[in-house]
Amino acid sequence: MANTQSMCTSFLGEVLTATHNFGSAPTRGAATADTFKGALYLVSATINASTTVYSSTGEVTGTNYTAGGVAITNATPPASTNTSSTAGVGYWTPSASITYTNVTLSTAFDTMLMYNSTQSNKAVSVHTFGSQTITAGNFTLTMPSNTTSAALLRLSTT
Amino acid sequence: MLVNTIHGEMDDSLLEKKEGSIDNDVESTTWVEYWLDGVLVHRSAHVTLKTSPFTTLEAASLG
């Protein structure tokens, strides 16, 4: 078993049906942004592009870690920029680091699944990093810059 | 400086401190560990993501 960094394929279809809302959308019942969360997964888990929804299977457990992870700060709505006359990039990045505070996670983990807790915990993206354990400490994931070339989520047209 | 440990807050002068880092195409990561008599009593890590999933959308040609 292994985790694979990937954009969840289910998310692509859900973007087209406005299942996910990182900003505001007047055509939806609620114009407010959805709540997104980040859950951590063990090295032994299988979280990848086939993941469609958050599951506690393979999720880390430990002191001060709540199943489902933590809420992701979303103060900056998505943006889009034309890169040429025929192409562009839509992008979004959480507006703050994701921090798991004073946790003890003794079994190695290497993955964060971002998912939409407002929309039935549907999966968004999988982010992998080097294997970690935490002992009575903080685990912090600092986000990339919110640009067309580095944002956490980027959808490009060609 | 006080450090949170598995035994509660302890003065870092009582502890052995170890630090490390990784910097590659995927991440820039630092961690700090505090040890007491050969036992790991604190470990924190800070990961800065450098890469992310990138999805390309393409419109199909008609006709």
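Here we take up the pairing of strand 2 (residues 8–11) of chain B. Residues and elements named next belong to chain B. Relative to strand 2, strand 1 (residues 2–5) is paired through 4 bridges, and the arrangement is antiparallel. Looking at the pairing, V3 lines up with M10 of strand 2. Between strand 1 and strand 2, which follow one another and run antiparallel, lie 2 residues.

The subject of this paragraph is the nonpolar core. Residues L40, M114, F129, F139 and L141 of chain A are the most contacted members of the largest nonpolar core, which totals 35 residues. Elements represented by at least two residues in this core include exactly strand 2 (36–42), strand 6 (98–116) and strand 7 (122–142) of chain A together with strand 5 (39–49) of chain B. The biggest single contributor to this core is strand 6 of chain A, with 9 residues. Leaving out residues up to four positions away in the same chain, L141 of chain A has contacts with S97, I98, M112 and F129 of chain A together with V47 and L49 of chain B. Within the second largest apolar cluster, 6 residues are counted, among which are M10, L15, Y34 and V41 of chain B.

Cut-offs applied
- Residues numbered from 1 in each chain as written.
- Chains lettered and ligands numbered in written order.
- Predicted model: local features only at pLDDT ≥ 70, side-chain atom pairs only at ≥ 80, totals over all residues.
- Heavy atoms only, no water.
- Pairing = 2+ DSSP bridges.
- Helix = DSSP H or I, 4+ residues; strand = E, 2+ residues; numbered from the N terminus.
- Core = buried A, V, L, I, M, F, W, Y, C linked by side-chain atoms within 4.5 Å.
- Buried < 20%, exposed > 50% of the residue type's maximum accessible area, 1.4 Å probe, protein only.
- Contact = heavy atoms within 4.5 Å.

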